[in-house]
Amino acid sequence: MATTTTSETALKPKDYKSPIRVVWCAGCGDYGVLSSVQKAFSQLQLGLDSTVCVSGIGCSSRLPYFLKTYGFHSVHGRSLPVAVGIKLGNPEMEVVVFGGDGDGFSIGGGHVPHVVRKNIDITYIIMDNHIYGLTKGQVSPTSGSGFVSVTTPYGSPDGQPVNPLSYVLTYGGSFVAQAFSGNPKEMALIIEQAIAHKGFSFVNIISPCLTFNKVDTLEVFKEAVIPLPEDHDSSNLVQALDKSINPPAGKIYTGLFYKSERPSFLQNLAGINEKAGADKNASLESIIDEFKP
Ligand SMILES: Cc1ncc(C[n+]2csc(CCOP(=O)(O)OP(=O)(O)O)c2C)c(N)n1
Ligand code: SF4
């Protein structure tokens, strides 16, 4: 939630940085993500005490440590349920979730569809490095087929990697975008738009792991990343799905794939509460009394 500011009180990107030392490896793509997040927060003037950054476990999931907002470093794969609880209990708070491809689409993958289809008004930012970084280089759900890693020394037998964009699009994501940590300007703008969007926003950020991923390296991604064509219609779901599944061979599109306006979970719930004549200020005792025989 944005706060009222004058130019003197305006929060600058550096004002969002916590004093905790950043411990990522030199050159990790996640540094770029952190700077873009600070820039986007500053652009939106998010309040330090009205924003909560939630994460699971992984190198990328350390990101909330390095921010001065409220933070919740949860359990591997469980950032979304925690974030949903925070949002439903505190609808006025801005909730931004961070994690890796393993955290989000392997152990936590089962939570994604439900938060997406319910259109819960939170922002989910994945740092997709196609590997498990924190645990030193195991195959992840977004690693390519045949990927060689410490757990797949003769190549991964997985026939098909998870496509985070089409995964979220098919469950009804109302804001779906992709960015590249090597392109900080576009990334900061996309993060800003994602947070401003009312409803569930998803940003998949290609963010290379220099230490353990020797296949999908910074150089490989730099060559592969291209912007969505200028005539891409981000209100057209079929176009968005097509672009997410069929980029030109060897290429990765970045930009806003899809955006639609539909009521968020909390807006729907407000309507239902009104229909039911719910009294927001009812005491717990009076609610229990209603169910007494
Ligand atoms: C329940 C549970 N299972 C496994 C682990 C071990 N573990 C910690 S992080 C991680 C994967 C991290 O990969 P990713 O989410 O892609 O993040 P990255 O480190 O690459 O940023 C795993 C398997 C754990 N901490 N908890
Ligand atoms: S292991 Fe990889 S993902 Fe983790 S901090 Fe180092 S470069 Fe980044």
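K.L.:
So what about the overall build of the protein chain? Which residues, and what values?
P.N.:
Helix and strand counts for the protein chain stand at 10 helices and 10 strands. Taking all 293 residues of the protein chain together, 48% fall into the buried category. Across the protein chain, contacts joining residues at least 24 apart in sequence account for 71% of those joining residues at least 6 apart. Of the roughly 14,200 Å² of accessible surface on the protein chain, a fraction of 58% belongs to carbon and sulfur atoms.

K.L.:
Residue-level account of helix 1 (residues 30-44), with values.
P.N.:
A rise of 1.5 Å per residue sets the reference length of helix 1, with its 15 residues, at 21 Å; its end C-alpha atoms lie 21 Å apart and thus fit the reference within 8%. Extensive coverage of helix 1 is indicated by the burial of 11 of its 15 residues. Listing the buried residues of helix 1 in full gives Asp 30, Gly 32, Val 33, Leu 34, Ser 36, Val 37, Gln 38, Ala 40, Phe 41, Ser 42 and Leu 44. Looking at the buried residues of helix 1, the elements they touch are strand 1 (51-55), strand 3 (94-100), strand 4 (123-128), helix 6 (184-196) and strand 8 (201-206). Within two residues after helix 1, Gln 45 carries a phi angle of roughly 50°, on the positive side.

K.L.:
Break down helix 8 (residues 237-245) for me, with residues and values.
P.N.:
Residues of helix 8 that are buried include every one of Ala 240, Lys 243 and Ser 244, and no others. Here the buried residues of helix 8 occupy an arc of 100° about the axis, which is enough to place them on one side. Turned more than 90 degrees off the buried face of helix 8, the exposed positions are Val 238 and Ile 245. Put simply, Asn 236 is the residue that caps the front of helix 8, since its side-chain oxygen is 3.0 Å from the backbone nitrogen of Val 238.

K.L.:
So what about the site of ligand 1? Which residues, and what values?
P.N.:
Not every one of the 16 residues close to ligand 1 is listed here, only the nearest: Cys 59, Ser 60, Gly 102, Asp 103 and Gly 133. Between ligand 1 and Asn 129, the relevant distance is 3.0 Å, taken from an oxygen atom to a side-chain nitrogen or oxygen of the residue. For ligand 1, an oxygen atom lies 3.2 Å from a polar atom in the backbone of Ile 131. Coverage of ligand 1 by the protein amounts to 74% of the 590 Å² it exposes when considered alone. Residue assignment for the shell around ligand 1 shows that the elements contributing at least two residues are helix 3 (101-107) and strand 5 (131-132). No other element matches the 4 residues that helix 3 contributes to the shell around ligand 1. Residues that form the shell around ligand 1 fall into these classes: 6 nonpolar, 8 polar and 2 charged.

K.L.:
Got a sec to walk through the packing of aromatic side chains? Specific residues and values, please.
P.N.:
For the structure shown, the criterion picks out 9 aromatic pairs. Summarising the aromatic geometry, the rings of Tyr 16 and Phe 41 are spaced 5.6 Å apart at their centres and angled 75° between planes, so their arrangement reads as edge-to-face. Here Phe 41 lies in helix 1 and Tyr 16 lies in the segment before helix 1, a separation of 25 residues in the sequence. Accessibility expressed as a relative area gives 0% for Tyr 16, which makes it buried. Assessed through its relative accessible area of 0%, Phe 41 is described here as buried. Each residue in the set Phe 105, Tyr 124, Tyr 167, Tyr 171, Phe 200 and Phe 202 is aromatic and connected to the rest through ring pairs, giving one cluster.

K.L.:
An account of the pattern of salt bridges is requested, with residue identities and associated values reported.
P.N.:
Taken as a whole and judged by the stated rule, the model has 3 salt bridges. Its salt-bridge partner being Lys 259, residue Glu 261 comes within 3.6 Å of it at the nearest N-O pair. On the basis of relative accessibility, which here comes to 60%, the residue Glu 261 falls in the exposed class. Look at Lys 259 and you get partly exposed, because its relative accessible area is 32%. A salt bridge links Lys 292 to Asp 289, with the nearest nitrogen and oxygen atoms 3.2 Å apart. Taking the relative accessible area as the measure of exposure, Lys 292 reaches 52% and is therefore exposed.

How each quantity is defined
- Residues numbered from 1 in each chain as written.
- Chains lettered and ligands numbered in written order.
- Predicted model: local features only at pLDDT ≥ 70, side-chain atom pairs only at ≥ 80, totals over all residues.
- Heavy atoms only, no water.
- Helix = DSSP H or I, 4+ residues; strand = E, 2+ residues; numbered from the N terminus.
- Buried < 20%, exposed > 50% of the residue type's maximum accessible area, 1.4 Å probe, protein only.
- Contact = heavy atoms within 4.5 Å.
- Areas by Shrake-Rupley, 256 points an atom, 1.4 Å probe, with all protein chains shown as cover.
- Expected span 1.5 Å × (residues − 1).
- Arc of directions from axis to C-beta.
- Polar contact = N/O pair within 3.5 Å; in protein donor to acceptor, adjacent residues only side chain to side chain.
- Near = heavy atom within 4 Å.
- Nonpolar A, V, L, I, M, F, W, Y, C, P; charged D, E, K, R; others polar.
- Phe/Tyr/Trp six-rings, centres within 6.5 Å; stacked < 30°, edge-to-face > 60°.
- Salt bridge = Lys/Arg side-chain N within 4 Å of Asp/Glu carboxyl O.

That is the geometry; function is a separate question.
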